[in-house]
Amino acid sequence: MQKLGVLRVLRGNAFMPMPLRPDQLIRDEIRALSAYHVPDATGLVKLDAMENPYLLPLALRHELGRVAQDAAINRYPDAAASTLKAAIRSSMQVPEGMEILLGNGSDEIIQILALAIAKPNAVILGLEPSFVMYKMIAAFAGVRYVGVPLKADFTLDLDATLAAIHEHQPALIFIAYPNNPTGNVFDDAALLRIVEAAPGLVVMDEAYHVFALRSFMPQLLRYPNLLVMRTLSKLGLAGLRLGFLVGRPAWLNELDKLRLPYNVNVLTQQVAAQVLAHTEVLEQQAAAIRGERTRLMQALSGITGIQAFPSDANFILFRVANADKVFEGLKQRGILIKNLSRAHPQLKNCLRVTVGTADENQQFLTALTASL
Ligand SMILES: *Cc1c(COP(=O)(O)O)cnc(C)c1O
C-alpha cells in the first residue's frame, strides 16, 4: 500500500516521467481508423449482415448438442484440426495436392496473409468498392493499400487494374468473387488475366460461393500464385467463426507459421465437422435463399425510384434518391439493412439488403415502399 502511494507521488516529477499518451504511442494509421461498426439489432428484422436466416433442422441441432456435450473443452483444441480439415476436403471439392489453412473467420486469414507479406515497401491491391477488411487489415499490418476503382456499373476495369498491377507490383491482390457490397461476379477471363499479370499472390475470396455456384478452386492446379478463400459464415454458420484458405503447400506452410496455435476452438472444430457431414442441409437452405433472391430482385426492379444491381450473392445492392431517408424509414418500421451511402463515392445513395426468409423479405418490401 505504502509503496503504491510513493509511486503516485513520484509520477511526473524528475524521478518518473509521465507515460506516453495514446496519441504519442499508437501508430497514426491506427488512430485514423474507425473501428468496424456493428449496429445494435435488438427488436429489428436483421437484414444487414448477410446471415443465413434459417436455423438448422431440429434433428441436426440435437446431434450438435450431443457433440458439444461430449467435447473435451478442458483440453486445448486439435492444433492440426485434422478431422475438420478432412470434412472440408471432402465437402468442398478441394483439389488433390492442395493444403488447407483454417482461420477464426476468413477475416483472420486476411490478417495472416497481410502480416506474411508486410515488408517495408509491400503493397496490397484491392478493387473498390469491395470488402472493407482488405484495406483495414492492410493498415493493421502497416502495408500500403492501393484500391483500383470498378466501373460505374461495378464491373471490373481490366485496363486500369492491369496498369495498377504494373505500377505498384502488389505482393497480394484480394478479389471478392462475388464482390461485396456490389453482389456481382467479375468476368472470369479478365480475372485470369489479373492472375497471370500479378507478380505476387492473388486471393479469390469466395465467401458467397454457395449463392454463385462458380469457383476458382479448379484453377488452383494451373496457377501457382492463386489462393482460394472460403468461409462458413454466409453459408449459415456465422456464429461459429470459421474460414479457410486453399492453396499450394509451399505457400500455406509459410502462412501457417503466423497462425496462432489454437485459433479454431474445440466447439467450432467439432460442430463444423458435424454440420459438414450434412452439407445437403446447407445446400438446400442456399437454394431457398437463391430462390428468394430472384423474387426480391423482381420486386425491387418493379418499384419506381429504385435501381437494383444484379446479384450472385445473398444480398442485393440498390440505389435510391435519398439513402439516409430510406434507411431511417426502414429502421423506424423495424427493418435493419446496411447504409453504404458514405462508404465509398461510387456507393452514393446505395443500400444493401440481405436476402431473408420469404416473410422477412415481404416485411422489408412493405416497409421500403412506405419509406421512399
Ligand atoms: C463476410 C465476408 C468475409 C468475412 O467472413 P468471416 O469468415 O465471417 O470473417 C470475407 N470476405 C467477404 C467478401 C465477405 O463478404
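Residues numbered from 1 in each chain as written. Predicted model: local features only at pLDDT ≥ 70, side-chain atom pairs only at ≥ 80, totals over all residues. Heavy atoms only, no water.

## Regarding the pairing of strand E7 (residues 226-231)
So, point 1. Among the six residues that make up E7, six are buried, leaving the element largely enclosed by the rest of the structure.
So, point 2. Here E7 shows a buried face lined by Leu226, Val228 and Arg230 and a second buried face lined by Leu227, Met229 and Thr231.
So, point 3. Relative to E7, strand E6 (residues 201-205) runs parallel, the two sharing four bridges. Residue pairing across strands places methionine 204 opposite valine 228, the latter belonging to E7.
So, point 4. By the bridge criterion, four bridges tie E7 to strand E8 (residues 243-247) in an arrangement that is antiparallel. From the neighbouring strand, threonine 231 faces E8, where its bridge partner is glycine 243. (Buried < 20%, exposed > 50% of the residue type's maximum accessible area, 1.4 Å probe, protein only. Helix = DSSP H or I, 4+ residues; strand = E, 2+ residues; numbered from the N terminus. Pairing = 2+ DSSP bridges.)

## Notes on the site of the ligand
So, point 1. The environment of the ligand is formed by 14 residues, the closest being Asp205, Tyr208, Thr231, Ser233 and Lys234.
So, point 2. Contact distances for the ligand include 2.6 Å between an oxygen atom and a side-chain N or O atom of tyrosine 208.
So, point 3. Lysine 234 is positioned such that a nitrogen or oxygen atom in its side chain is 3.1 Å from an oxygen atom of the ligand.
So, point 4. Considered on its own, the ligand offers 390 Å² of accessible surface; in the complex 94% of this is hidden by protein.
So, point 5. Elements supplying a minimum of two residues to the shell around the ligand: helix H6 (106-117) and helix H11 (233-237).
So, point 6. Tallied by class, the residues present in the shell around the ligand amount to five nonpolar, five polar and four charged. (Near = heavy atom within 4 Å. Polar contact = N/O pair within 3.5 Å; in protein donor to acceptor, adjacent residues only side chain to side chain. Areas by Shrake-Rupley, 256 points an atom, 1.4 Å probe, with all protein chains shown as cover. Nonpolar A, V, L, I, M, F, W, Y, C, P; charged D, E, K, R; others polar.)

## What to know about the sheet that holds strand E3 (residues 123-128)
So, point 1. Taken in spatial order, the seven strands of this open sheet run E2-E8-E7-E6-E5-E3-E4, and their pairing is mixed. Each edge of the sheet is formed by a strand with only one pairing partner; in this case those strands are strand E2 (99-103) and strand E4 (144-149). Within this sheet the neighbouring strands show an average axis-to-axis angle of 25°, counted without direction.
So, point 2. When E3 meets strand E5 (residues 172-176), the two strands line up parallel, connected through three bridges. What sits directly across from glycine 126, in E5, is phenylalanine 174.
So, point 3. Docked against the sheet, H6 engages E2, E3, E5, E6, E7 and E8, running at close to 150° with respect to E7.
So, point 4. Contacting E5, E6 and E7, helix H9 (residues 188-197) runs over the sheet at an angle of about 150° to E6. (Axes fitted to C-alpha atoms, helices over the stretch in contact; angles between N-to-C directions. Contact = heavy atoms within 4.5 Å.)

## Things to note about the side chain of threonine 182
So, point 1. Among the secondary structure elements, threonine 182 is positioned in the loop between E5 and H9.
So, point 2. For threonine 182, a relative accessible area of 1% corresponds to the buried category.
So, point 3. Within polar-contact distance, the side chain of threonine 182 engages the side chain of asparagine 179 at 2.9 Å.
So, point 4. Side chain to side chain, threonine 182 and asparagine 184 meet in a polar contact 2.4 Å long.
So, point 5. In this view, threonine 182 contacts Pro129, Phe154, Phe309, Pro310, Phe315 and Leu317; residues no more than four positions away in its chain are not counted.

## Notes on the pairing of strand E10 (residues 315-319)
So, point 1. A large share of E10 lies buried, amounting to four of its five residues.
So, point 2. Alignment of strand E9 (residues 307-308) against E10, held across two bridges, turns out to be antiparallel. Along E10, the bridge assignment pairs glutamine 307 with arginine 319.
So, point 3. Taken together, E9 and the strand that follows it, E10, pair antiparallel across an intervening segment of six residues.
So, point 4. Note: E10 against strand E13 (residues 350-354), five bridges, orientation antiparallel. Within the sheet, the bridge partner assigned to isoleucine 316 lies in E13 and is valine 353.

## Concerning the packing of helix H4 (residues 58-70) against helix H13 (residues 266-276)
So, point 1. Viewed as axis vectors pointing N to C, H4 and H13 meet at an angle of 150°, and their least axial separation amounts to 10 Å. It follows from the interaxial angle that H4 and H13 lie roughly antiparallel. Note on packing geometry: the crossing formed by H4 with H13 is right-handed. Residues Glu63, Leu64, Val67 and Ala68 of H4 pack against Leu267, Gln270, Val271, Gln274 and Val275 of H13.
So, point 2. Residue composition of the contact of H4 with H13, grouped by class: six nonpolar, two polar and one charged. (Parallel < 35°, antiparallel > 145°, perpendicular 65-115°, else oblique. Left-handed = near helix turned anticlockwise from the far one by under 90°.)

## Considering a nonpolar patch on the surface
So, point 1. Residues Leu20, Leu25 and Ile26 make up a contiguous nonpolar surface patch of roughly 300 Å² in combined accessible area.
So, point 2. Tracing the backbone shows isoleucine 26 in the loop between helix H2 (22-25) and helix H3 (28-31).
So, point 3. Since its relative accessible area comes to 39%, isoleucine 26 is described here as partly exposed. (Patch = residues over 30% accessible without salt bridge, like charges linked within 9 Å, V, L, I, M, F, W, Y side chains within 5 Å. Salt bridge = Lys/Arg side-chain N within 4 Å of Asp/Glu carboxyl O.)

## Points about the packing of helix H15 (residues 323-332) against helix H16 (residues 358-371)
So, point 1. Remark: H15 packs on H16, axes separated minimally by 9 Å, with the N-to-C direction vectors making an angle of 130°. Taken together, H15 and H16 sit at an angle that is classed as oblique. Every pair of crossing elements has a handedness; the one defined by H15 and H16 is right-handed. On the side of H15, the interface is formed by Lys325, Val326, Gly329 and Leu330, while H16 contributes Phe364, Ala367, Leu368 and Ser371.
So, point 2. Here the contact of H15 with H16 is built from residues that sort into five nonpolar, two polar and one charged.

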